[in-house]
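Take a look at the letters that make up each chain.
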Amino acid sequence: MKFITLQRVIRAGFLGFRRNGWLSTATTMVMTLVLFVLGNVVFVGAFADTALRSLESKIDITVYFTANAQEPQIMAVKNEIEALSDVRHVEYISRDAALARFRERHKENALIVSALEELGDNPLQASINIAAIDPGHYAAISDFLAGKKYPVVEKINYFENQAVIERLSSVMGTVRGSGAILTIILAFIAVLVAFNTIRLAIYTVREEIGIMRLVGASSWFIRGPFLISGVLYGVAATAVVLLVFFPIAWLASPKLAFLVPEFNLFTYFLSNLVQFSLIMLGTGVALGVISSFIAIRRYLNV
Amino acid sequence: MIFFDNVSKIYSHNSAAVRNVTLRIEPKEFVSLVGASGAGKTTLLKLLLREEDSTEGTIFLDGLDVTALTRDELHHVRRRIGTVFQDYKLLPTKTAAENVAFAMEAAGRTDAEIDEDVPQVLDLVGLADKMDNFPHQLSGGEKQRVAIARALVNRPDVLLGDEPTGNLDSVNTGEIVKLLKKINQLGTTVILATHDKQVINTLDKRVIVLDQGEIVSDNAKGTYQA
Ligand SMILES: Nc1ncnc2c1ncn2[C@@H]1O[C@H](COP(=O)(O)OP(=O)(O)OP(=O)(O)O)[C@@H](O)[C@H]1O
Ligand SMILES: [Mg+2]
């Protein structure tokens, strides 16, 4: 393609975008809607992820040891647990450490402090705290420990939390699964709407496309400006959707932080702005260009 | 040279718009196609431009088999053929000047060439003062003259005129016929489909008569009385 031709194609693309005012506006708006849905999917995903991680971090198994258990025996158990591939983190809390923590936590409570003084002896048990890589693995870890029948182990507290943990991990599985399905369905609908809008826009100029062919224009010379317009729809829609998301993220942020304190939507939005914009731009431009390319194909057959 | 070799076009079953036409047109010839409405004049021109595909037969333009070209090759041939369509086929969102310029842009002409040639050719058809009008701001005859200007502007090897004077008064018709003759003298093959007896009889050139898709007469210095 000659340089002058490329120049003309680009100029015609911009001109077409400007001259077909309401059609460009309508297409850009539909595309904005698509990106808005996509943006929300990204946000909801990030929120759900933080929420789930926050919940997951609250799950653990605690193994309590008998009062006369010796440190080397406890260490032997700890080493075996650490060797398990499902285990992310193991923390040993000695009897003294447990007492220190207990004191620290209740230092304002004079009654408890004086009761401890009176007791003289340390009433607390040594324990090992286990965090799994995947919350679905707690049952297996717990079963493994129970099966070992360590004489020094007095109690595995997973059995107490078992019902809660199992329900939580099944809820998490469902949330992730349905989130993915919902994302796919929404994205599919959005893409379909955007594609049909562009198809309609090109349908209205099908006769002109035929005329251009008959007076000697090559397919690329005709197709090019529509692809450029497709790029412009994507760029304009990205600009609009970013402008819309700023106030939304700002307003929704405190409400979401109320549900999950670790999640700050506005900070998340700002710190991922470049990535987020690139996702929007990439999706918008790809959608605009591919839709235009497919939609114009049949009308070029002149 | 243009050569139709036993060409037929059947749009729908059992009625042929063009039937077994074999026709040879030499370079720089001026040929009139005449015949009643529905005789197949437009169809014959459409086949040469590949606006329609022939059902049977082969069409050559200077030894190139037009019927064998792929869609991606067609524009090369179309740039060598200027066409004045019976229904004008102007681009509604472009002004008269832009419509003419489009044919040049599509052919890859430079901006300088376009700036020079477009006003010149519009002046030639008497539309210098209507350059910036959109088609809906032009009369039927004016649209027709824009179509003529567009067909001429790339200095094509072949000019196809499908009733190019159909909407013009006798003064304008005379002007356009003179213009076509001049183009022809400068070396362009002209094929003119028309009903207009006046035009044919003043031309004093080859006349081919079509009837129901078939060539019924072909006279080197023909007149038309029907
Ligand atoms: N797209 C089409 N589909 C079906 N039949 C067609 C089509 N185009 C033309 N025809 C038929 O083919 C025949 C020839 O039509 P054509 O347009 O070539 O005639 P014409 O000689 O140009 O007539 P006119 O002088 O009225 O312009 C007519 O009978 C017409 O009805
Ligand atoms: Mg006709």
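Everything numeric here is computed off the predicted structure, so don't read it as measured data.

Visitor: Would you mind going over the overall build of chain A in detail, with residue names and values included?
Guide: Each helix and strand in chain A was counted, giving eleven helices and four strands. Relative to the compact-globule value of 19 Å for 302 residues, chain A shows a C-alpha radius of gyration of 31 Å, a clear excess of over 25%. C-alpha atoms of chain A, sized along the principal axes, occupy 100 × 40 × 35 Å. A burial count over chain A gives 39% of its 302 residues as buried. Within chain A, contacts between residues separated by at least 24 positions form 81% of all contacts whose residues are at least 6 apart in sequence. Approximately 16,800 Å² of chain A is accessible, and the part contributed by carbon and sulfur atoms is 66%. Measuring between centres, the 26 positive side-chain charges of chain A sit 25 Å from its 22 negative side-chain charges.

Visitor: Break down the pattern of salt bridges for me, with residues and values.
Guide: Residues and elements named next belong to chain B. The final tally for this structure, using the stated rule, is 20 salt bridges over all chains. A salt bridge links D157 to R80; the shortest N-O distance between them is 2.9 Å. Of this pair, D157 sits in the loop between α5 (140–153) and β7 (158–162) while R80 is found in the loop between α2 (74–78) and β6 (81–84), placing the two residues 77 residues apart along the sequence. What makes D157 partly exposed here is its relative accessible area of 37%. Its relative accessible area of 25% is what places R80 among the partly exposed residues. Residues joined by salt bridges that share partners form a network here, namely E29, R206 and D218.

Visitor: I'd like to hear about the domain arrangement of chain A, residue by residue, with values.
Guide: Entries for chain A in the domain assignment read domain 1 (2–55 + 169–299) and domain 2 (67–151). With centres defined by C-alpha atoms, the gap from domain 1 of chain A to domain 2 of chain A works out at 53 Å.

Visitor: Give me the packing of aromatic side chains: which residues, what numbers.
Guide: All names here are of chain A. Tallying each qualifying case throughout the model produces 18 aromatic pairs over all chains. Look at F17 and Y233: their rings are 5.7 Å apart centre to centre, the planes differ by 50°, and that puts the pair in the tilted class. One end of the pair, F17, is in helix α1 (residues 3–19); the other, Y233, is in helix α9 (residues 219–259), and 216 residues separate them in sequence. F17 sits in the partly exposed class, given a relative accessible area of 21%. Overall, the relative accessible area of 8% leaves Y233 in the buried class. Measuring from ring centre to ring centre gives 5.0 Å for F43 and F245, while their planes differ by 80°; the resulting arrangement is edge-to-face. A residue pair is termed long-range when its members are at least 10 positions apart, and F43 in helix α2 (residues 21–56) and F245 in helix α9 qualify at 202 residues. Overall, the relative accessible area of 7% leaves F43 in the buried class.

Visitor: Describe the nonpolar core, with residues and values.
Guide: Counting 76 residues, the largest nonpolar core has F4(B) and I191(B) as the members making the most contacts within it. Sorting elements by how many residues they give to this core places α9(A) first, with eleven residues. Other than its neighbours up to four places away in sequence, F4(B) contacts V21(B), T22(B), L23(B), L44(B), L48(B), T58(B) and I59(B).

Visitor: An account of the site of ligand 1 is requested, with residue identities and associated values reported.
Guide: Residues and elements named next belong to chain B. What surrounds ligand 1 is the set Y11, A17, A36, S37, G38, A39, G40, K41, T42, T43, Q86 and H195. Separating an oxygen atom of ligand 1 from a side-chain N or O atom of S37 is a distance of 2.6 Å. Taking T43, its side chain carries an N or O atom lying 2.5 Å from an oxygen atom of ligand 1. Look at ligand 1: alone it shows 640 Å² of surface, and the protein chains cover 60% of it. With three residues, the top contributor of residues to the shell around ligand 1 is helix α1 (residues 41–49).

Visitor: Let's hear about the coordination of the magnesium ion (ligand 2): which residues, and what values?
Guide: Residue and element names in this part refer to chain B. Taken together, T42 (OG1) and Q86 (OE1) make up the protein donors of the magnesium ion (ligand 2), found 1.8 to 2.3 Å from the metal. Of this pair, T42 sits in helix α1 while Q86 is found in the loop between β6 and α3 (96–106), placing the two residues 44 residues apart along the sequence. What makes Q86 partly exposed here is its relative accessible area of 39%.

Visitor: Summarise the interface of chain B and chain A; cite the residues concerned and give the values.
Guide: Each partner contributes to the interface: chain B provides 28 residues, whereas chain A provides 19 residues. When the buried surface of chain B facing chain A is broken down by residue, R71(B), R78(B) and F102(B) rank first, second and third, together holding 26% of it. Put simply, chain B and chain A have two salt bridges between them. Joining chain B to chain A, the criterion identifies nine residue pairs in polar contact (both at pLDDT 80 or more). Looking at the side of chain B that touches chain A, the elements that each hand over two or more residues are α2, α3 and α4 (111–124) of chain B. By residue number, the principal contributor to the side of chain B that touches chain A is α3(B), which donates six residues.

Visitor: A description of the packing of α3(B) against α5(B) should follow, citing residues and the corresponding values.
Guide: Residue and element names in this part refer to chain B. Here α3 crosses α5 at 25°, and the two axes come no closer than 8 Å. Classified by the angle between their axes, α3 and α5 sit roughly parallel to one another. Crossing of α3 against α5: the hand is right-handed. Mapping the contact onto sequence places A96, N99, V100, A103 and M104 in α3 and V146, A149, R150 and V153 in α5. A breakdown of the residues in the contact of α3 with α5 according to their chemical character gives seven nonpolar, one polar and one charged.

Visitor: I'd like a rundown of the sheet that holds strand β4 (residues 153–156) of chain A, residues and numbers included.
Guide: Residues and elements named next belong to chain A. Strand order in the open sheet formed by four strands is β2-β3-β1-β4, and the pairing between neighbours is antiparallel. What marks the edges here is a single partner per strand, and that holds for β2 (87–93) and β4. For this sheet, the mean angle separating the axes of adjacent strands, direction not counted, is 20°. Where strand β1 (residues 61–65) lies against β4, three bridges are found, and the strand directions are antiparallel.

Definitions and limits used
- Residues numbered from 1 in each chain as written.
- Chains lettered and ligands numbered in written order.
- Predicted model: local features only at pLDDT ≥ 70, side-chain atom pairs only at ≥ 80, totals over all residues.
- Heavy atoms only, no water.
- Helix = DSSP H or I, 4+ residues; strand = E, 2+ residues; numbered from the N terminus.
- Rg over C-alpha atoms; globule rule 2.2 N^0.38 Å.
- Buried < 20%, exposed > 50% of the residue type's maximum accessible area, 1.4 Å probe, protein only.
- Contact = heavy atoms within 4.5 Å.
- Areas by Shrake-Rupley, 256 points an atom, 1.4 Å probe, with all protein chains shown as cover.
- Lys, Arg positive; Asp, Glu negative; His and termini not counted.
- Charge placed at Lys NZ, Arg CZ, Asp CG, Glu CD.
- Salt bridge = Lys/Arg side-chain N within 4 Å of Asp/Glu carboxyl O.
- Domains from an automatic or database assignment.
- Phe/Tyr/Trp six-rings, centres within 6.5 Å; stacked < 30°, edge-to-face > 60°.
- Core = buried A, V, L, I, M, F, W, Y, C linked by side-chain atoms within 4.5 Å.
- Near = heavy atom within 4 Å.
- Polar contact = N/O pair within 3.5 Å; in protein donor to acceptor, adjacent residues only side chain to side chain.
- Donors = N, O, S within 2.8 Å, 3.2 Å for Na, K, Ca; no water.
- Buried area = accessible area lost by both parts, 1.4 Å probe.
- Axes fitted to C-alpha atoms, helices over the stretch in contact; angles between N-to-C directions.
- Parallel < 35°, antiparallel > 145°, perpendicular 65-115°, else oblique.
- Left-handed = near helix turned anticlockwise from the far one by under 90°.
- Nonpolar A, V, L, I, M, F, W, Y, C, P; charged D, E, K, R; others polar.
- Pairing = 2+ DSSP bridges.

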